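Coordinate analysis (summary)
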Amino acid sequence: MNPRVPPAGESAIAPSPSTPLFPRRSFLGGVAAASAAAAALPLLDASVAHAAESYAPVAYASTPVATDDELHVIRRWTYGYTPAALAAVRKAGGPRAWLEAQLTPQNVAESSKAASLDSWWRCITATPADIVARDRSGAEPAWRAMTAYAGYALVRRQESTRQVLELMTEFWEDHFYIPIHDDGVFPFRIAFGHRMRELALTSFEKLLQASTVHPAMGCSLDNAGSTKRSVNENLGRELLELHTVGKSAGYDEDDVKASARLLTGYRVEMWTTWKSYYDTSWHDTKPVKVLGFSHTNADADGRAAVKAYLSYLARHPSTAARVARKLARRFVSDSPSSALVDHLAAVYLAHNTEITPVLRALFDHAEFWAAGGAKVKTPTDELVSVNRALGVSFAKPTAQDTGAIQAHYMAGGIGASAWSHPRPDGPPQDNDAFNSPSRFLASWDAHWTLSGGWWPTQDTTHVSAAKRLPQAELTLAEFVDHLSRQLTGQASTETLLRAVCTATKVAPSAVVNAQHSIVRWQMPWVLALVLNQPLFYLR
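Residues numbered from 1 in each chain as written. Predicted model: local features only at pLDDT ≥ 70, side-chain atom pairs only at ≥ 80, totals over all residues. Heavy atoms only, no water.

Per the secondary structure count, the protein includes 26 helices and eight strands. Projecting the C-alpha coordinates of the protein onto the three principal axes gives extents of approximately 85 × 55 × 40 Å. Summed over its atoms, the accessible surface of the protein is roughly 21,200 Å², and 54% of this surface lies on carbon and sulfur atoms. Here the protein contributes 52 positively and 51 negatively charged side chains, and the mean placements of these two sets differ by 3 Å. (Helix = DSSP H or I, 4+ residues; strand = E, 2+ residues; numbered from the N terminus. Areas by Shrake-Rupley, 256 points an atom, 1.4 Å probe, with all protein chains shown as cover. Lys, Arg positive; Asp, Glu negative; His and termini not counted. Charge placed at Lys NZ, Arg CZ, Asp CG, Glu CD.)

What follows is the structure, encoded as structure tokens:
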């Protein structure tokens, strides 16, 4: 069966059955072929295609388009374009005023769904003891609690009006990285994420102080069992290499050992009571020297010395440069200039490691504004942005494998699910990590699936095809322009319109209404082709 033409005996405007005419997979060949055809339009035989001017876009002016600046800000500082995001930017008075409001999230009214998410899964607000008890009883195995947290995070990113807070929460959870399925972290990992959100827009020193001594970090990097008699160097090393100064700071193995000795005492009784506390009998009390920091460390309670050490590391010029470069790579480009990095590092140090002054400086820098189209979405970014664009709505779970959990699995199918990266260096953020043919094929598959509303379905609502019509009747060319504006913030192009017409065999001038084949059974092709445009993959 050719998925691009109606079944035998059915006209292009005849009513379709109430169930899909074709299984999801039968769409892939037709739509992928149409995408390939759109990419190679110059090769089409002129006798097959309409004249080029037949595919000239027709504006549907009632649906707004974003300016280049608006689109750049929405792509980089939110989880994907929506008409509501554009309206919020304009209501605030423009991109800069919108950002300023976002940097004080307590003053941004939260969406009702995002505000209700803490009640969706018991583990989200459970104590570590409760999480352990439910794992041992089988009521909620640890892996399910961790998967629930990933689903929770994805829905927060999709639904929250406090988009910059969610972005920075993810940024810090990826910087102070703890895989959700790392051995032994499950009682504390959700609380760790909540703590990162609480501090995401405060200061790097506060984030460093909280993350380093958190029991989740202790379990992940083996500090939970590190004692003065048997020092484990993992956290002491990663604190320097990954969380603060980096290898270029010039520390050596003696520095790593001193760092690890100073961190002894933060104990977790793993696999027994899971009690976390500071044990003075475990703390190594010999003097320490790390780079330019030294301390007598004579007290059995070494927490004051640790606080001073972390404060030193937070303010180290190498840490400032490392944080600045990482922020620039996230929000500007994979190769930010040394001038930008130096500027951000100077702002960081001048403002006592506070985060918001650095974000303002980054936003205001000419290099940021010149970097439109320089970043590609990560798989989790893309999954959230597709759901936002299509209006996929998740509801409070009524079953274990609810739609939000299935979305987590779908992100994995695209290339990487939330906090699945196995190493302590955190998931990659560079374009090369995800800019591959296999990733885009997986993305196309997700686009088809979501465009057709085939999966997820549990506790999930998809927008019906008829509701996508902005008015009772309009030409296909106008409808494609409306959808492009609504889903991407940009007007249709000749390439997109030609691809849709090629896939559906419907002329640009055809009048589309609720009874037309475009609405009755061809909508998945149209939506998927809009989403398959290269511009949709841009962050």
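There is more to say, and it comes next.
With that settled, the discussion passes to the pattern of salt bridges. Evaluation of the coordinates by the stated rule reveals 27 salt bridges. Among the ionic pairs, Lys286 bridges to Asp284, the shortest N-O distance being 2.7 Å. Given the relative accessible area of 2%, Asp284 is considered buried. A salt bridge links Arg303 to Asp301, with the nearest nitrogen and oxygen atoms 2.8 Å apart. Salt bridges linked by common partners bring Arg96, Glu100, Arg360 and Asp364 together as one network. (Salt bridge = Lys/Arg side-chain N within 4 Å of Asp/Glu carboxyl O. Buried < 20%, exposed > 50% of the residue type's maximum accessible area, 1.4 Å probe, protein only.)

On to the packing of helix 7 (residues 142-159) against helix 8 (residues 163-175). Remark: helix 7 packs on helix 8, axes separated minimally by 9 Å, with the N-to-C direction vectors making an angle of 145 degrees. Facing Tyr149, Arg156 and Arg157 of helix 7, the residues of helix 8 in contact are Gln163, Glu166, Glu170 and Glu173. Considered class by class, the residues forming the contact of helix 7 with helix 8 number one nonpolar, one polar and five charged. (Axes fitted to C-alpha atoms, helices over the stretch in contact; angles between N-to-C directions. Contact = heavy atoms within 4.5 Å. Nonpolar A, V, L, I, M, F, W, Y, C, P; charged D, E, K, R; others polar.)

Before going further, it helps to examine the environment of Leu340. Position of Leu340 relative to the elements: it lies in helix 16 (residues 338-350). Residue classification places Leu340 among the buried positions, given a relative accessible area of 0%. Setting aside anything within four residues of it in sequence, one finds Leu340 in contact with Ala328, Val332, His365 and Glu367.

Time to look at the packing of aromatic side chains. For the structure shown, the criterion picks out 24 aromatic pairs. Sitting over the face of the ring of Phe331, Arg330 holds its NZ or CZ atom 4.9 Å from the ring centroid. Positioned above the aromatic ring of Phe440, the side-chain terminus of Arg439 is 5.5 Å from the ring centre. (Phe/Tyr/Trp six-rings, centres within 6.5 Å; stacked < 30°, edge-to-face > 60°. Lys NZ or Arg CZ within 6 Å of the ring centre and 35° of its normal.)

Here we come to the state of the cysteines. Taken as a whole, this structure holds zero disulfides when the rule is applied. Summary of cysteine pairing: Cys123 is not part of a disulfide, and the nearest cysteine sulfur, belonging to Cys219, is at 17 Å. On the basis of relative accessible area, Cys123 is assigned to the buried category, the value being 1%. (Disulfide = S-S within 2.5 Å.)

Looking now at helix 23 (residues 476-488). The end-to-end C-alpha separation of helix 23 is 18 Å, in line with the 18 Å expected for 13 residues at 1.5 Å each. The element helix 23 is largely enclosed, with a buried count of 11 among its 13 residues. Within the sequence span of helix 23, burial applies to Leu476, Ala477, Phe479, Val480, Asp481, His482, Leu483, Ser484, Arg485, Leu487 and Thr488. Two residues or fewer after helix 23 comes Gly489, characterised by a positive phi angle close to 85 degrees. (Expected span 1.5 Å × (residues − 1).)

Next up on the list: the environment of Thr264. Along the chain, Thr264 falls in the loop between helix 13 (253-262) and strand 1 (266-268). Linking Thr264 and Leu103, residues 161 residues apart in sequence, is a C-alpha distance of 36 Å. If we skip the residues at most four places from it in the chain, Thr264 touches Ser226, Thr227, Lys228, Val231, Tyr278, Trp282, His283 and Asp284. Reaching out from Thr264, the side chain makes a polar contact with the backbone oxygen of Arg261 at a distance of 2.6 Å. (Polar contact = N/O pair within 3.5 Å; in protein donor to acceptor, adjacent residues only side chain to side chain.)

By size, the foremost hydrophobic cluster in this structure holds 147 residues, and its most contacted members are Trp77, Met168 and Trp172. In terms of residue count, the dominant contributor to this core is helix 7 (10 residues). Those residues in contact with Trp77 that lie beyond four places of it in its chain are Trp98, Leu99, Gln163, Val164, Leu167, Phe331, Leu359, Leu362, Phe363 and Phe368. (Core = buried A, V, L, I, M, F, W, Y, C linked by side-chain atoms within 4.5 Å.)

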